[in-house]
Amino acid sequence: MIVFCWAFSYLILLPTLTGQWGRFGYNSASFSCTILKNEDGRSPRKFLFSFGFLLPTITIIICYSCIFYKVRSSTMKLLSHSGGENSKRNSRLWPKRREEIRVTFTMLTCFCTFQICFLPLMIMNVFEESIRYPVLHTLASILAWMSACTNSFIYVLLNKHYREAYAQLLCSWKVLNVSRNTSCDGASAASRITQLRTVCDDHVKSSQLSVSNDHAV
């Protein structure tokens, strides 16, 4: 699938590369290297940008809907098999509902971020003849480039496990950095490294205990 996606992305640009359907060039009106009209006045830019925006949008909607359906079905299945008093049943279902809310909010945030990053670029290129401000093209391109790193921040901000993994990574890097920049014979350096390793070990244990408690609730 990955090979197909890359191959398809290059193959769809072959007509433009050969000059049969538009051509690549510099557009001084938008300060960008883009797809221009060829000698016959043909250009695939509107089609490519519309297709490149709508296809991922539809794919994201379908995939996220399947994920939400799976999580929701799991919650409803647990609800149907839960018996006993309402208070006990609610205490067992609350972790599932909390996970469902968290997953839903994360997916919604990712989807909205994708729209914010790529919708302006699509509008700029589809309606380029009507837009007279080159700075808008630049801002739209910056938003599209920014999309390459947004999901990492979203997952770290909304997922506790990602935050714990980053904390462990930074803690390990700090221990390694201290061990490299200090003398191995120094008692204070060895003591400092030992303290950092103890802190890291305690953090790992507390993280594992927290995860275990979440599953046990």
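It should be emphasised that the depicted structure is a prediction, and the values quoted were computed from it without experimental measurement. (Residues numbered from 1 in each chain as written. Predicted model: local features only at pLDDT ≥ 70, side-chain atom pairs only at ≥ 80, totals over all residues. Heavy atoms only, no water.)

Helix and strand counts for the protein chain stand at seven helices and two strands. The order of α-helices and β-strands along the protein chain, N terminus first, is α-α-β-β-α-α-α-α-α. Relative to its full complement of 217 residues, the protein chain shows a buried share of 24%. Taking contacts inside the protein chain between residues at least 6 apart in sequence as the whole, the part at least 24 apart equals 48%. Entry remark: accessible area of the protein chain is about 15,300 Å², with carbon and sulfur atoms responsible for 67%. (Helix = DSSP H or I, 4+ residues; strand = E, 2+ residues; numbered from the N terminus. Buried < 20%, exposed > 50% of the residue type's maximum accessible area, 1.4 Å probe, protein only. Contact = heavy atoms within 4.5 Å. Areas by Shrake-Rupley, 256 points an atom, 1.4 Å probe, with all protein chains shown as cover.)

Below, the discussion takes up the pairing of strand β1 (residues 23-27). Where β1 meets strand β2 (residues 32-36), five bridges bridge the pair, whose relative direction is antiparallel. Directly across from F24, in β2, lies its bridge partner I35. Remark: four residues form the turn of the hairpin made by β1 and β2, two consecutive strands paired antiparallel; F31 in that turn has positive phi of roughly 55 degrees. (Pairing = 2+ DSSP bridges.)

One pass over the full model with this rule turns up one salt bridge. In this structure, the salt-bridge partner of R72 is E100, at a minimum N-O distance of 2.9 Å. Taken as a pair, R72 in helix α3 (residues 45-80) and E100 in helix α4 (residues 86-126) lie far apart in primary sequence, 28 residues in all. R72 gets classed as partly exposed once you look at its relative accessible area, which sits at 37%. (Salt bridge = Lys/Arg side-chain N within 4 Å of Asp/Glu carboxyl O.)

Another aspect to go through is the side chain of T57. Within the element layout of this structure, T57 appears in helix α3. For T57, a relative accessible area of 9% gives the class buried. Contact partners of T57, with chain neighbours within four places excluded, come to F111, F114 and Q115.

To continue, consider a nonpolar patch on the surface. Together, Y133, V135, L136, L139, I142 and W145 line one region of the surface with nonpolar side chains, adding up to about 660 Å² of accessible area. Residue placement: I142 occurs in helix α5 (residues 134-158). On the basis of relative accessibility, which here comes to 42%, the residue I142 falls in the partly exposed class. (Patch = residues over 30% accessible without salt bridge, like charges linked within 9 Å, V, L, I, M, F, W, Y side chains within 5 Å.)

The next thing to look at is the layout of surface pockets. Left-over empty space is what a probe sized like a water molecule reveals as it rolls over the atoms. Empty space within the largest pocket amounts to approximately 1,300 Å³. Lining the largest pocket are 34 residues, with L48, F49, G52, F53 and F118 positioned closest to its centre. Every element with two or more residues in the lining of the largest pocket is listed here: α1 (2-11), β2, α3, α4 and α5. With nine residues, the top contributor of residues to the lining of the largest pocket is α3. For the lining of the largest pocket, the residue count by class is 23 nonpolar, eleven polar and no charged. (1 Å grid on protein atoms, 1.4 Å probe; cavity = no way out; pocket = protein on both sides within 12 Å on 5 of 7 lines; lining within 4 Å. Points joined across faces, edges and corners; volume = space filled by probe spheres on them. Nonpolar A, V, L, I, M, F, W, Y, C, P; charged D, E, K, R; others polar.)

Moving on: the environment of C110. Mapped onto the elements, C110 comes out in helix α4. Taking the C-alpha atoms as reference points, C110 and N151, separated by 41 residues in sequence, lie 6.7 Å from one another. Contact partners of C110, with chain neighbours within four places excluded, come to Y64, N151, I154 and Y155.

Turning our attention to the packing of aromatic side chains. This model, assessed by the stated rule, comprises seven aromatic pairs. Pairing F8 with F51 gives two aromatic rings, centres 6.2 Å apart and planes at 55 degrees, and the pair type is tilted. Pair noted here: F8 is in helix α1 and F51 is in helix α3, with a separation of 43 residues, a long-range link. An aromatic cluster is built from F4, F8, W21, F47 and F51, whose rings are joined through pairwise contacts. (Phe/Tyr/Trp six-rings, centres within 6.5 Å; stacked < 30°, edge-to-face > 60°.)

So yeah, pure geometry; function would need other evidence.
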